Amino acid sequence: KLPKFVKVVEVGPRDGLQNEATLLPAKDKIDLINRLSDSGLKTVETTSFVSPKWVPQMGDNMEVFAGINKYPNVSYPCLVPNVKGLEQALKVGVKEIAVFGAASEGFTQKNINCSIAESLERFRAVIEEAKKHNLLVRGYVSTVMGCPYQGDVDPEKVAEVSKILYDMGCYEISLGDTIGIGTPEKTDKMLTAVKKQVPVEKLAAHFHDTFDKAISNILVALEHGVSVVDSSIAGLGGCPYAKKQAGNVCTENVVYSLQQLGIETGIDLLKLKQIGSDITTKLKRDNMCLLE
Ligand code: HMG
Ligand code: MG
């Protein structure tokens, strides 16, 4: 019943570093991304083309993207909130972007300063333009298990926003438990609703680990047939607009758990562990990896 292969999408250089107090110099980000894409990961989210006033940590987006090695078998998606971001991404040759919406009004306002409806219209314009340049577009839906500003989020709302992004042309919809308040029960209900609108092969689990539940929730997602999991090296990061310090689930722990389940990832866990250890030393922060 579980998938044989799971694609792990590494989001540490973006979702992780956007929320680290220490500003990592571009050359160190480039080194991190190069090492990650040399570990067997097939997708390494690289940076975001957002306003540097909103997220100063990603202010070096062009330099970082231009500086990394681009392996032909690895994708390097970048977050893009609007056409302005897309234009900058195109200048440095980005091939894959991610638009990012949410299932709650409160989070959408705080994160991208507009309503859900307005955000979807912006994304429509971004996606249309991106398709003209043959870019792949991934779609994020945040706050799928709850919102820091408005509490519960209806699984039907998650399904609705996911379907709209999918119909607009996103090849994959990544479901974000932005503040890590999901439980296995909530995961089950949310996915049951979303799968009625978007084929399960097109869904990814993007879970944060605030309450140590991410791995349990991922297992529920795998049982539902999800075979793409987002995670962050050493558990770096979270979201600057979520009040709780909700770090992404740690990549090493995810890969180890998948291996224990007999699921292939194509990733060299020893390499990952070393990368996680080096980056947490550099950032002087805790390493969430549970392995010896
Ligand atoms: P706004 O202030 O409403 O935008 O922000 P605006 O269009 O009025 O522009 C204001 C200023 O920003 C202008 O500059 C623009 O040129 C500039 P000024 O004239 O004041 O000097 N600007 C830009 N600069 C660079 N790149 C751009 C860009 N766009 C405008 N693309 C905006 C709206 C969306 C820009 C802003 O709210 C923003 O950048 N938000 C980003 C928030 C963000 O990055 N959040 C983290 C990512 S989401 C996340 O982490 C969740 C996820 O992991 C999934 C999960 O866990 O749930 C994906
Ligand atoms: Mg996230």
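Residues numbered from 1 in each chain as written. Chains lettered and ligands numbered in written order. Predicted model: local features only at pLDDT ≥ 70, side-chain atom pairs only at ≥ 80, totals over all residues.

Asks: Help me out: how do you make sense of the environment of Met288 in this one?
Replies: Residue position: Met288 is located in the segment after helix H11 (269–283). A count of 20 C-beta atoms within 10 Å places Met288 in the buried class. For the pair Met288 and Val254, spaced 34 residues apart in sequence, the C-alpha to C-alpha distance is 11 Å. In contact with Met288, not counting residues within four places along its chain, are Ala234, Gly235, Gly247 and Cys250. (Helix = DSSP H or I, 4+ residues; strand = E, 2+ residues; numbered from the N terminus. Buried ≥ 20, exposed ≤ 12 C-beta atoms within 10 Å, placed from the backbone. Contact = placed C-beta atoms within 7 Å.)

Asks: Teacher, can you tell me more about helix H5 (residues 105–112) here?
Replies: An α-helical turn contains 3.6 residues, so a residue and the one three or four places further along point in the same direction. Within H5 the residues assigned to the buried category are Phe107, Thr108, Asn111 and Ile112. All buried residues of H5 lie within an arc of 100 degrees about the axis, which places them on one face of the element. (Arc of directions from axis to C-beta.)

Asks: Whenever I open this one, H11 confuses me. Can you help?
Replies: Between its first and last C-alpha, H11 extends 21 Å over 15 residues, near the 21 Å set by a 1.5 Å rise per residue. Those residues of H11 not exposed but buried are Leu272, Lys273, Ile275, Gly276 and Ile279. For H11, the buried positions fall inside an angular range of 165 degrees around the axis, keeping them on one side. Looking at H11, the residues exposed on the side facing more than 90 degrees away from the buried face are Leu270 and Thr281. Buried-residue contacts for H11 involve helix H2 (26–37) and helix H10 (251–260). (Expected span 1.5 Å × (residues − 1).)

Asks: Please explain the packing of helix H8 (residues 184–195) against helix H9 (residues 214–223) as it appears in this structure.
Replies: Closest axis-to-axis distance for the H8/H9 pair is 9 Å, and the angle between their directions is 35 degrees. Crossing geometry of H8 relative to H9 is assigned as right-handed. Side by side, H8 and H9 meet where Pro184, Thr187, Asp188 and Leu191 of the first sit next to Ser216, Asn217, Val220 and Ala221 of the second. Residue classes in the contact of H8 with H9 are distributed as 4 nonpolar, 3 polar and 1 charged. (Axes fitted to C-alpha atoms, helices over the stretch in contact; angles between N-to-C directions. Left-handed = near helix turned anticlockwise from the far one by under 90°. Nonpolar A, V, L, I, M, F, W, Y, C, P; charged D, E, K, R; others polar.)

Asks: I'm lost on the site of ligand 1 in this one. Help?
Replies: The environment of ligand 1 is made up of 24 residues, and the closest members are Val50, Gly85, Ser142, Gly176 and Thr178. Taken together, the residues of the shell around ligand 1 sort by class into 10 nonpolar, 11 polar and 3 charged. (Near = placed C-beta within 6 Å.)

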